[in-house]
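One letter stands for each residue in the lines below.
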Amino acid sequence: MVEWCLPQDIDLEGVEFKSMASGSHKIQSDFIYFRKGPFFGLACFANMPVESELERGARMKSVGILSPSYTLLYRYMHFLENQVRHQLETPGHYSRLAAFYEDKKGVLHASPGRGGSLPPVYWLPSIHRYMYPEMKITHPAGCMSQFIKFFGEQILILWKFALLRKRILIFSPPPVGVVCYRVYCCCCLANVSLPGIGGTVPESKPFFYVNVADIESLEVEVSYVACTTEKIFEEKRELYDVYVDNQNVKTHHEHLQPLLKINSADREKYRRLSEQRQMLLYSQEVEGDYNPCEEDLFVLFFLEQNNRIFQTLLEVSASQDKTLTAEHARGMGLDPQGDRSFLMDLLEAYGIDVMLVIDNPCCP
């Protein structure tokens, strides 16, 4: 139940299920990013054993905030963690929360353009601070390096699905905080900063944590990235295109199956990314230069890759014969054979008028 809120006239239906992940009773603490209508939310959850039959031996609460943009929410995580402890230990005292709201409401109620209704290039508008939302994981190494370590070469599979604006659902048991960061990192793979690209594709949206209460809203979404702790979603295939269970990326769509295979161009991209990361870590260690950081490198790597692909596709579509050859594919950093179906899906998704003349080999 929603115990207390400010302002009191805001529609919070279902927010109690979003701010406490299903299965949270098994863990001591967590944090959760979620969506509620046009707003993004961050809630900190904590679970405290109590000697009370009425509370069945445990007191569980979440304290959260809603904002038109998710990029600033992490700044308040420390405050929310302290407040949820305070609420568990001395329930019913809301003066600090009320003071926080009075102090921050001008910030939190920023113009809708800051988050809920960004232009189609949803993820990244120029380098560094403006480059991607300031969202650092509590782990000092940063969420991007965690993401790369967790998925390895499979980030190239996720990259293709993200670029195709597929509905991606990530399953994991609680705690869900780190999985919310995987949603964010997945979104960072699909940035394109070329004018004229992205107008025909649906806006990709980070839904962060979702549960069964969100099924109705997910049914109408054509593109999203989300995470859940509820295994039942796996059976609801009409809700997603790509299902990620731990490190296992899968799809039930037959035409998307070829995209699950890592090819030679993917391995080369992953090798280059790893090399650049090693060089950056070396320069940080030897020269003490922490600018740019690993997040910048990661985001820029995929932004440049995506721009190179679309720059080539736009040039070919503007040429007289509109013919995309194996040489073009290699120039874009793609495998002419292994990425053939990905390229065809890409041309269709972005409405680019190009003729693909890469032979489809009859034998693997």
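The model shown is predicted, which means the values in this text are computed figures rather than measured ones.

Novice: Would you mind showing me how to read the nonpolar core here?
Specialist: In globular proteins that are soluble, nonpolar side chains generally tend to be buried together. Ranked by size, the top nonpolar core spans 94 residues in total, and within it Ile155, Phe298, Phe310 and Leu313 carry the most contacts. In terms of residues, this core owes the most to one element, helix α9 (residues 294–318), which gives 9 residues. For Leu313, the contacting residues outside a window of four places in its chain are Leu324, Met332, Leu343, Leu346, Leu347, Ile352 and Val354. Counting residues in each nonpolar core, the second largest holds 12 residues, with Phe171, Ile215, Leu218 and Phe233 among its members.

Novice: Teacher, can you tell me more about the pattern of salt bridges here?
Specialist: Think of it this way: side chains of opposite charge can pair up when their charged atoms draw near. Taken as a whole and judged by the stated rule, the model has 15 salt bridges. Residues Lys231 and Asp245 are paired through a salt bridge, measuring 2.7 Å at the closest nitrogen-oxygen approach. Taken together, the residues Lys231 in the loop between β6 (224–228) and β7 (242–245) and Asp245 in strand β7 connect sequence positions 14 residues apart. Here Lys231 falls in the partly exposed class, since its relative accessible area comes to 40%. Lys250 is paired through a salt bridge with Glu234; the nearest N and O atoms lie 2.9 Å apart. Residue Lys250 is located in strand β8 (residues 248–251), and its partner Glu234 is located in the loop between β6 and β7; the two are separated by 16 residues in the primary sequence. Judged by relative accessible area, Glu234 falls into the partly exposed class, the value being 22%. Among the ionic contacts, a cluster of salt bridges with common partners joins Lys231, Glu234, Asp245 and Lys250.

Novice: Whenever I open this one, the environment of Pro38 confuses me. Can you help?
Specialist: For Pro38, the location among the structural elements is in the loop between β1 (29–36) and β2 (39–49). For Pro38, a relative accessible area of 54% puts it in the exposed group. Separated by 31 residues in the primary sequence, Pro38 and Ser69 have C-alpha atoms spaced 9.0 Å apart.

Novice: Please explain the confidence of the model for the protein chain as it appears in this structure.
Specialist: For any part of a model where pLDDT is low, the fine detail of the predicted coordinates should not be relied upon. For the protein chain, the mean per-residue pLDDT works out to 85, and 85% of the residues sit at or above 70. This model gives residues 109–141 a pLDDT under 50, and the stretch forms 83 contacts once residues within four places in sequence are excluded.

Novice: Just checking my understanding: could you explain the packing of helix α4 (residues 143–151) against helix α6 (residues 177–187) for this structure?
Specialist: The description of two helices packed together rests on the angle between their axes and the distance between the axes. Running from N to C, α4 and α6 cross one another at 90 degrees; their axes reach a closest spacing of 10 Å. On the basis of the axis angle, α4 is roughly perpendicular to α6. In contact with Cys143, Met144, Phe147, Phe150 and Phe151 of α4, α6 contributes Tyr181, Arg182, Tyr184, Cys185 and Cys186. Grouping the amino acids of the contact of α4 with α6 by side-chain chemistry returns 9 nonpolar, no polar and 1 charged.

Novice: Please explain helix α11 (residues 340–350) as it appears in this structure.
Specialist: Because an α-helix completes one turn every 3.6 residues, residues spaced three or four positions apart along the sequence face the same direction. Where α11 is concerned, the buried positions are Arg340, Phe342, Leu343, Asp345, Leu346, Leu347 and Tyr350. Following α11 by one or two positions, Gly351 has its phi on the positive side, about 60 degrees.

Novice: Help me out: how do you make sense of the packing of aromatic side chains in this one?
Specialist: Remark: the centre distance and the inter-plane angle together describe each pair of aromatic rings, the angle taken between the planes. One pass over the structure, following the stated rule, counts 21 aromatic pairs. Relative to Phe100, the ring of Tyr76 lies with its centre 5.4 Å away and its plane at 80 degrees, an arrangement referred to as edge-to-face. Here Tyr76, found in the loop between β3 (58–67) and α2 (77–89), pairs with Phe100, found in helix α3 (residues 95–108); they are 24 residues apart in sequence, far enough to count as distant. Considering the side-chain rings of Trp159 and Phe302, the 6.4 Å spacing of their centres and the 45 degrees angle between planes classify their relative orientation as tilted. Of this pair, Trp159 sits in helix α5 (residues 155–163) while Phe302 sits in helix α9, placing them 143 residues apart in sequence. The residues Trp159 and Phe302 share a single accessibility class, namely buried. Each residue in the set Phe147, Phe150, Phe151, Trp159, Phe298, Phe301, Phe302 and Phe342 is aromatic and connected to the rest through ring pairs, giving one cluster.

Calculation notes
Residues numbered from 1 in each chain as written. Predicted model: local features only at pLDDT ≥ 70, side-chain atom pairs only at ≥ 80, totals over all residues. Heavy atoms only, no water. Core = buried A, V, L, I, M, F, W, Y, C linked by side-chain atoms within 4.5 Å. Buried < 20%, exposed > 50% of the residue type's maximum accessible area, 1.4 Å probe, protein only. Helix = DSSP H or I, 4+ residues; strand = E, 2+ residues; numbered from the N terminus. Contact = heavy atoms within 4.5 Å. Salt bridge = Lys/Arg side-chain N within 4 Å of Asp/Glu carboxyl O. pLDDT = per-residue confidence, 0-100. Axes fitted to C-alpha atoms, helices over the stretch in contact; angles between N-to-C directions. Parallel < 35°, antiparallel > 145°, perpendicular 65-115°, else oblique. Nonpolar A, V, L, I, M, F, W, Y, C, P; charged D, E, K, R; others polar. Phe/Tyr/Trp six-rings, centres within 6.5 Å; stacked < 30°, edge-to-face > 60°.

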